[in-house]
Amino acid sequence: MAKSFENLLELAQKRGPKKVSVAVAQDKDVLSAVKNATELKIAEPILVGDKEKILAIGKEINFDLSGIEIIHEEDGATACRIATELVSSGKADVLMKGLIDTSVIMKQVLDSEIGLRTGNVISHVAVFDVPTYHKVFIVTDAAMNIAPNLEQKKEIIENAVVLAQSLDIERPKVAVLAAKEKVSPKMEATVHAKELADMNKNGEILGCLVDGPFALDNAVSKESAILKGIDSEVAGDADILLAPDIEAGNVLYKCLSFLANAKSAGLIVGTKAPIVLTSRADNEESKLNSIALAVLMASR
């Protein structure tokens with residue numbers, strides 16, 4: 001069980017390096033994270049973008065690019081296409097977004113000819129390390145699926161389970177979140193939670209333990225669960241928190257990041273290869289952690 005990102009970085013060093021294709025790589029924060037990942041020997045980058053700008057940033061941050069492949073392409077959309085194609089053709093193991101809008105790179109990811117679709121739901125997973133919890137945990141989906149239906153939630157869980165197992169969490173505990181612990185027909189999130197737990201018991205969701213509905217407190221606090229009379233293996237020990245919709249997931253993600261001083265990492269999963277798709281607000285450490293996650297997932 002990984003208790004921190006330090007543990008996950010050590011694990012990535014054992015399993016790496018993996019080839020990381022960076023789309024529109026002329027970004028200081030992105031190249032700083034790639035530099036750190038290269039020095040830790042978890043990544044071997046292929047940089048796609050404006051070569052002159054990439055070399056200038058490399059010089060500024062003391063990143064020796066002499067032995068690293070750089071594919072010159074000034075147009076952002078074309079650079080995204082080249083970077084995606086490197087992954088879909090098997091020349092790289094991980095795709096990483098650089099200085100480009102998410103919509104531009106996702107258009108290439110979803111392209112029927114060179115994209116990375118598998119037929120599954122594509123979802124966002126965030127891994128958090130907070131001092132108030134006894135291990136790292138996953139929050140999904142805070143960025144991709146707006147109001148997932150029951151079948152989509154099942155696939156979002158399955159995507160998160162693949163990531164959890166790549167972090168050596170063999171049978172992750174999934175807490176399906178809602179605003180209350182009791183099933184109410186007026187609250188769809190509670191109905192979905194009960195149905196997902198039943199699907200898990202019936203063998204329709206494999207490789208994990210799913211329970212719910214849980215309010216957040218009894219998903220992460222054993223004491224809270226005991227006070228509420230909740231008897232569940234998942235209560236107070238969740239590895240994966242499934243948000244009911246994007247609003248709840250996004251608020252939880254940003255609360256942890258900005259109010260709880262959490263260390264974090266994020267990936268897009270459900271694709272042929274993991275995608276490091278961090279935001280401009282994410283710091284260099286978060287981007288490095290995200291590369292480490294992608295390397296672990298690509299190693300499975």
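As the structure is a computational prediction, the values presented were derived from the model and not from experiment. Position numbers for residues start from 1 in each chain and track the written sequence from start to end. Only residues with pLDDT of at least 70 are given local features in this predicted model, and only at 80 or more are side-chain atom pairs given and counted; all residues enter the totals for whole chains, interfaces and linings. With hydrogens and water excluded, all non-hydrogen atoms of the structure serve as input to the side-chain values.

(A) The arrangement of the packing of aromatic side chains in detail. Between the rings of Phe, Tyr and Trp (Trp by its six-membered ring), a pair exists once the centres lie within 6.5 Å; its type follows the angle of the planes, with under 30 degrees stacked, over 60 edge-to-face, and the other angles tilted. Taken as a whole and judged by the stated rule, the model has three aromatic pairs. Taken together, the aromatic side chains of Phe128, Tyr133, Phe137 and Tyr253 make up a single cluster linked through ring pairs.

(B) Quick look at the packing of helix α2 (residues 28–39) against helix α11 (residues 284–298). Fitted lines through C-alpha atoms serve as axes, helices being fitted only where they are in contact, and the angles separating the N-to-C directions of these axes extend from 0 to 180 degrees. Helical segments are the DSSP runs of H or I of at least four residues, strand segments are the runs of E of at least two, and each set is numbered from the N terminus. Relative orientation of the contacting elements α2 and α11 amounts to 50°, with a least axis distance of 8 Å. One way to sum up the angle between α2 and α11 is to call them oblique. The handedness of the crossing between α2 and α11 comes out as right-handed. Residues Asp29, Val30, Ser32, Ala33, Val34, Asn36 and Ala37 of α2 form the contact with α11, whose participating residues are Glu284, Lys287, Leu288 and Ile291. Here roughly perpendicular refers to angles of 65 to 115 degrees, roughly parallel to angles under 35, roughly antiparallel to angles over 145, and oblique to all remaining angles. In this scheme the handedness of a crossing depends on how the near helix is turned from the far one: anticlockwise by less than a right angle means left-handed, clockwise means right-handed. Contacts were defined at the residue level, with two residues in contact if any of their heavy atoms lie within 4.5 Å.

(C) A look at the environment of Glu284. Note on placement: Glu284 falls in helix α11. Classification of Glu284 as partly exposed rests on a relative accessible area of 34%. Between the alpha carbons of Glu284 and Ala33 there is a distance of 5.5 Å; along the sequence they are 251 residues apart. Excluding anything up to four places from it in sequence, Glu284 contacts Asp29, Ser32, Ala33 and Asn36. Partly exposed describes any residue whose relative accessible area lies between the buried limit of under 20% and the exposed limit of over 50%, with all areas from a 1.4 Å probe on protein chains only and scaled to the type maximum.

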